[in-house]
Amino acid sequence: MKLWIRNANFTISLSLTLLRCLGFWSPDGLAGNKRLLYNCYSFVFFMFLLGIYILIQVVDMIKIWGDLPLMTGTAFLLFTNFAHATKVINIVIRKNRIQRVIQQANAVLMGVQSEEARRIVKSCDFETSIQLCLYFLLTFVTTVGWATSAEKHQLPLRAWYPYDTSKSPAYELTYIHQVAALLIAAYINVAKDSLVSSLIAQCRCRLRLVGLALASLGQDLKIDYQSQLSPAQENILNLRLKTCVLEHQTVLAAVTELQACFSKPTFAQFTVSLIIICVTAFQLVSQTGNLVRLLSMGTYLMNMIFQVFIYCYQGNKLSVEAYDRH
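Per an unreviewed UniProt entry, the protein goes by Olfactory receptor-like receptor and derives from Bombyx mori. Check the Subcellular location (unreviewed entry) section of the UniProt entry for the protein; it says "Cell membrane".

A. The arrangement of the overall build of the protein in detail. When helices and strands are tallied, the protein shows eight helices and zero strands. Listing the helices and strands of the protein from first to last along the sequence gives α-α-α-α-α-α-α-α. Summarising its shape, the C-alpha atoms of the protein cover approximately 90 × 50 × 30 Å along the three principal directions. Here the protein, with 326 residues, has 47% of them falling under the buried criterion. Sequence-distant contacts in the protein: of pairs separated by 6 or more residues, those separated by 24 or more amount to 75%. Counting every atom, the protein has about 17100 Å² of accessible surface; 67% of that belongs to carbon and sulfur.

B. Local environment of the environment of Gln154. Assignment of secondary structure puts Gln154 in the loop between helix H5 (115-148) and helix H6 (170-215). Looking at Gln154, the relative accessible area reads 46%, which means it is partly exposed. Not counting residues within four places of it along the chain, the set of residues in contact with Gln154 comprises Tyr171 and Tyr175.

C. A look at the UniProt feature "transmembrane region" (unreviewed entry) in the protein. Under the UniProt annotation, "transmembrane region" (unreviewed entry) lies at residues 36-56, 68-93, 132-150, 170-190, 267-285 and 291-313. In this annotation, residues 132-150 is assigned 89% helix and 0% strand; the end-to-end C-alpha distance for the span is 28 Å.

D. Molecular detail of the packing of aromatic side chains. Per the counting criterion, the structure on display carries ten aromatic pairs. With centroids separated by 5.4 Å and ring planes inclined at 45°, the aromatic side chains of Phe136 and Tyr187 adopt a geometry described as tilted. You can see Phe136 sitting in helix H5 and its partner Tyr187 sitting in helix H6, a full 51 residues away along the chain. Ring pairing ties together the aromatic residues Tyr135, Phe306, Phe309 and Tyr313, which thus form one cluster. Above the face of the Trp25 ring, Lys95 is positioned so that its terminal group lies 5.5 Å from the ring centre.

E. Seen up close, the side chain of Ser42. Within the element layout of this structure, Ser42 appears in helix H2 (residues 32-63). Note on Ser42: relative accessible area 12%, which makes it buried. Apart from residues lying up to four places away in sequence, Ser42 is in contact with Gly23 and Phe24.

F. Quick peek at the packing of H2 against H6. At their nearest, the axes of H2 and H6 sit 9 Å apart, and the two run at 115° to each other. Handedness of the H2/H6 crossing: left-handed. Between H2 and H6, the residues in contact are Phe48, Leu49, Ile52 and Tyr53 and His177, Gln178, Ala180, Ala181, Leu182, Ile184 and Ala185, respectively. Per-class residue counts for the contact of H2 with H6 are nine nonpolar, two polar and no charged.

G. Broad picture of the environment of Ile188. For Ile188, the position within the fold is in helix H6. The class of Ile188 is buried, set by a relative accessible area of 1%. With sequence-adjacent residues up to four places away left out, Ile188 is seen in contact with Leu18, Leu19, Leu22, Phe24 and His84.

H. How the structure looks around helix H4 (residues 95-110). Its 16 residues place the ends of H4 22 Å apart at the C-alpha level, agreeing with the 22 Å of an ideal helix rising 1.5 Å per residue. Along H4, the positions that sit buried rather than exposed are Lys95, Ile98, Gln99, Val101, Ile102, Ala105, Asn106 and Leu109. For H4, the buried positions fall inside an angular range of 160° around the axis, keeping them on one side. Counted as exposed and oriented over 90 degrees from the buried face of H4: Asn96, Arg100 and Ala107.

I. Representation of the environment of Gln233 in the model. With respect to the helices, strands and loops of the structure, Gln233 is situated in helix H7 (residues 231-286). Distance in space between the C-alpha atoms of Gln233 and Gly218 is 8.6 Å, their sequence separation being 15 residues.

J. Seen up close, the packing of H4 against H6. Two elements in contact, H4 and H6, have axes separated by 10 Å at closest approach and are oriented at 40°. In terms of axis orientation, H4 runs oblique to H6. Once H4 is placed against H6, the crossing between them reads as left-handed. Across the interface between the two elements, Ile98, Ile102, Gln104, Ala105, Val108 and Leu109 of H4 pack against Leu195, Leu199, Gln202, Cys205, Arg206 and Leu209 of H6. Grouping the amino acids of the contact of H4 with H6 by side-chain chemistry returns nine nonpolar, two polar and one charged.

K. Local environment of the pattern of salt bridges. Under the criterion given, the structure shown has seven salt bridges. Among the ionic pairs, Lys95 bridges to Asp28, the shortest N-O distance being 3.1 Å. Highlighted residues: Lys95 in helix H4 and Asp28 in the loop between helix H1 (10-21) and H2, separated in sequence by 67 residues. For Asp28, a relative accessible area of 52% gives the class exposed. A salt bridge links Asp193 to Lys87; its shortest N-O distance comes to 2.8 Å.

Conventions we followed
- Residues numbered from 1 in each chain as written.
- Predicted model: local features only at pLDDT ≥ 70, side-chain atom pairs only at ≥ 80, totals over all residues.
- Heavy atoms only, no water.
- UniProt positions renumbered as here; feature names shortened; annotations may be inferred.
- Helix = DSSP H or I, 4+ residues; strand = E, 2+ residues; numbered from the N terminus.
- Buried < 20%, exposed > 50% of the residue type's maximum accessible area, 1.4 Å probe, protein only.
- Contact = heavy atoms within 4.5 Å.
- Areas by Shrake-Rupley, 256 points an atom, 1.4 Å probe, with all protein chains shown as cover.
- Phe/Tyr/Trp six-rings, centres within 6.5 Å; stacked < 30°, edge-to-face > 60°.
- Lys NZ or Arg CZ within 6 Å of the ring centre and 35° of its normal.
- Axes fitted to C-alpha atoms, helices over the stretch in contact; angles between N-to-C directions.
- Left-handed = near helix turned anticlockwise from the far one by under 90°.
- Nonpolar A, V, L, I, M, F, W, Y, C, P; charged D, E, K, R; others polar.
- Expected span 1.5 Å × (residues − 1).
- Arc of directions from axis to C-beta.
- Parallel < 35°, antiparallel > 145°, perpendicular 65-115°, else oblique.
- Salt bridge = Lys/Arg side-chain N within 4 Å of Asp/Glu carboxyl O.

What follows is the structure in C-alpha cells.
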C-alpha cells in the first residue's frame, strides 16, 4: 500500500496522504479483513482525536452551564471539534465522489504540453502551497501556545474527566492525550480545508487552461495567401473547439460536484467559525494575565479568520474565472 498519494498539486498530495495515514482516506482495492482493519483503525483514531474530546466537553458544558467565562472557554473548542467531526465524516462518506474529481483534474493538469500551460499549473501549485504554509504556521503557533500555557497541575484545555486529573499519573497521561490529540487534530483540520480550497483552485486552473487553448486555437495552422483555411484545417479547428467546449463543461460539472460534496459542511464551518471568532475575542479579554495564552488565543483568532478567507478567496477567484472570462 502506497502512503504518498501523487498529484499535480503538492497541497492535495500532502492533504490526502495525511488523511490516509490517519484512517480517513482508505486505499483503493481494500476488501475483506483488510477493509475491516482499516475501518477499525479509522474509528480508533477518530475517537482519540475527536470523539473523546466531544463527549467530555459536552459533559463539562452541562456542569458549568450559566458561568459565562467558563462556558466560553469550553464552547470555542467544542464547536471547533463538532465542525471538525462533520468534515471528517463527510470526507469518509463521500470519498469515492471526491476521488473522481481529484483523478479527473489530476489527469488534465499532469498532461499539459505547452510551456505556458505548465506555467499556469505551477502558479496554481505555488499559490495553494503558500496558503498551506501560512495555515500550518498559524496552527503550529496556536497549538504550541496552548500546550505550553497551562499552569502547574492544570490541563491545557478545559474539559470534564471521570477521574481526578490533578494526581499522577492521571495528570501526565491526560496532558499527553490532550496535547497529542490537539496537534494531530489541528493539522488534519488544516489538511481538510486545504484539500477543498486546492480542489477549487484546480478547477480555476483548468478554466485558465481552456482559455489558453481557445486563445491559441489556430496558432500553429498556416493560412494561405487568401486568408482561408483548408478543409483539413477547418476539421482540426472544429475538433479543438469541441475539445475546449467539452473540457469547459467538464470543469463546470466538477464544480457542481464539489459544491454537492462540500457545501453543507462548509456552511456549518462558516457558522461555527463566526461563533468561534466571537467567543475567542471574548476569551482574549479574560486572558490578560497569561501572556502565552493570550498570544495563542490571538493566533487562534487569526487562524479561524484565515480558514474562512481561503474558502472565500478561492471561491471568488473561481467565479471570476468562470463568468468574467468565458
